[in-house]
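Inside the fold
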Amino acid sequence: MAPRFPEGGFAPPAGQNRLTASQSERYARPLLLPEIGAEGQERLAASRVLVVGLGGLGCPASAYLAAAGVGTLGLMDGDRVELSNLHRQVLYRQEDLGRPKVESAVRALFGLNPEVHLVPHPGRLTATNALGIVGGYHVVVGACDNHATRYALNDACVKAARPLVDASVRRFEGRLALYCPGSGCLRCLFPQPPEAAEVGGVAAVQGILGPLPGIMGCLEALEVLKVLLGLGRPLSDRLLLFNGLSGEQRLLKRGRNPACPVCGDRPAPARPR
Ligand SMILES: [Zn+2]
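Okay, so let's go over this structure. (Residues numbered from 1 in each chain as written. Predicted model: local features only at pLDDT ≥ 70, side-chain atom pairs only at ≥ 80, totals over all residues. Heavy atoms only, no water.)

**Regarding the nonpolar core**
Of all hydrophobic cores here, the largest spans 44 residues; its most connected members are Val-49, Leu-65, Leu-73, Leu-109, Met-216 and Val-224. It is helix α10 (residues 211-229) that contributes the most residues to this core, 8 residues altogether. Residues in contact with Leu-65, not counting those within four places in the same chain, are Val-49, Val-51, Val-70, Leu-73, Val-141, Ala-221, Val-224 and Leu-225. In this structure, Val-119, Cys-144, Tyr-151 and Ala-160 belong to the second largest nonpolar core, which totals 23 residues. (Core = buried A, V, L, I, M, F, W, Y, C linked by side-chain atoms within 4.5 Å. Buried < 20%, exposed > 50% of the residue type's maximum accessible area, 1.4 Å probe, protein only. Helix = DSSP H or I, 4+ residues; strand = E, 2+ residues; numbered from the N terminus. Contact = heavy atoms within 4.5 Å.)

Below is the structure:
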């Protein structure tokens, strides 16, 4: 089944607000692209994007989305900044150690683009609170460091019919997918989360080199902008694999699995964990 990707993207139509002189200067380079222009920039200003996880993926993703002029950016994370985060979580500074990531991220992103409305969601996303939060946004970025949050987010996005741009990193490999309503979900590929222990997140167990989540977080931001603006070919029918050691990028065909416990023809009545 072809994924549903509405012409013009998932963002609401641009409002009547014209760009101010300072906005025209701030966004001068994207405004030069005929595929974006003033109308696209106004669409971004009317868009609401939620970033779940403000670690190695969420830092670059939220920075590029704020810089691009996404109007409202929701930021969710329950952790505090630790010294071992700083080699890859580039929103934070030495003086942020011990502070909630949400608080430090809001400060950094406000400094980058004060015109973006930043909505902090301090705390961990769970199967209980996910649906209420996800429903308030047009597009969701999955930048989670643990399987429980990632799967809870996936299930909520299916239920709320919100596109989910989801990335993960493991040692030297990154994965990126776009799950749109009707195009399948994370559980179509991997019905249940792996059993592996991951106290403190996958990176804390297996190690990670900073630029890899940086690259994958930037790819997430790019995919979100494509979704919001209806640009190019969305990744909604493919899974992108990036190998940081060889530099190779592979695209695997992906689709909805009718037997999926969440988005299949007969979803399980109770949300599986
Ligand atoms: Zn599914």
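**With respect to unusual backbone geometry**
In terms of backbone geometry, most residues other than glycine have negative phi values and most peptide bonds are trans. Even without glycine at this site, Ala-161 takes up a positive phi of about 55°. On the secondary structure map, Ala-161 appears in the loop between α7 (147-160) and β5 (164-170). Backbone geometry at Arg-171 places phi at a positive 50°, although glycine is not the residue there. For Arg-171, a relative accessible area of 48% puts it in the partly exposed group.

**Digging into the pairing of strand β4 (residues 139-142)**
Residues of β4 alternate between two faces, with Val-139 and Val-141 on one and Val-140 and Gly-142 on the opposite face, all of them buried. By the bridge criterion, 4 bridges tie strand β1 (residues 48-52) to β4 in an arrangement that is parallel. What sits directly across from Val-51, in β4, is Val-141. With respect to chirality, the unit in which β4 leads through α7 into the neighbouring parallel β5 is right-handed. (Pairing = 2+ DSSP bridges. Right-handed = clockwise from strand over helix to strand, strands pointing away.)

**A closer look at the coordination of the zinc ion**
Here the zinc ion is held by the protein donor atoms Cys-185 (SG), Cys-188 (SG), Cys-260 (SG) and Cys-263 (SG), which lie 2.3 Å from it. Angles of 90 to 126° at the metal separate the 4 donor atoms of the zinc ion, which places the site in the tetrahedral class. Here the donor residues of the zinc ion share one chain and are spaced in sequence as C-x2-C-x71-C-x2-C. Taken together, the residues Cys-185 in the loop between β6 (173-179) and α8 (186-189) and Cys-260 in the segment after β8 (249-253) connect sequence positions 75 residues apart. Its relative accessible area of 1% is what places Cys-260 among the buried residues. (Donors = N, O, S within 2.8 Å, 3.2 Å for Na, K, Ca; no water. Tetrahedral: all angles 85-135°; square planar, octahedral: opposite > 155°, others 65-115°.)

**Considerations on helix α5 (residues 101-112)**
The α-helix advances 3.6 residues per turn, and as a result positions three or four apart in sequence lie on the same side. The terminal C-alpha atoms of α5, which comprises 12 residues, lie 16 Å apart, in line with the 16 Å expected from a rise of 1.5 Å per residue. Among all positions of α5, only Lys-101, Val-102, Ser-104, Ala-105 and Leu-109 are buried. Each buried residue of α5 sits inside an arc of 160° when the element is viewed along its axis, so together they form one side. Looking at the buried positions of α5, the neighbouring elements they touch are α4 (58-68), β2 (72-77) and β3 (117-122). (Expected span 1.5 Å × (residues − 1). Arc of directions from axis to C-beta.)

**Things to note about the pattern of salt bridges**
Following the criterion strictly, the structure yields 13 salt bridges and no others. A salt bridge links Arg-150 to Asp-166; the shortest N-O distance between them is 2.7 Å. Of this pair, Arg-150 sits in helix α7 while Asp-166 sits in strand β5, and the two are 16 residues apart along the sequence. The closest approach of N and O atoms between Glu-223 and Lys-226, which form a salt bridge, is 3.0 Å. Here Glu-223 pairs with Lys-226, and both are found in helix α10, just 3 residues apart, close to one helical turn. Via salt bridges that share partners, Asp-96, Arg-99, Glu-103 and Arg-107 belong to a single interconnected network. (Salt bridge = Lys/Arg side-chain N within 4 Å of Asp/Glu carboxyl O.)

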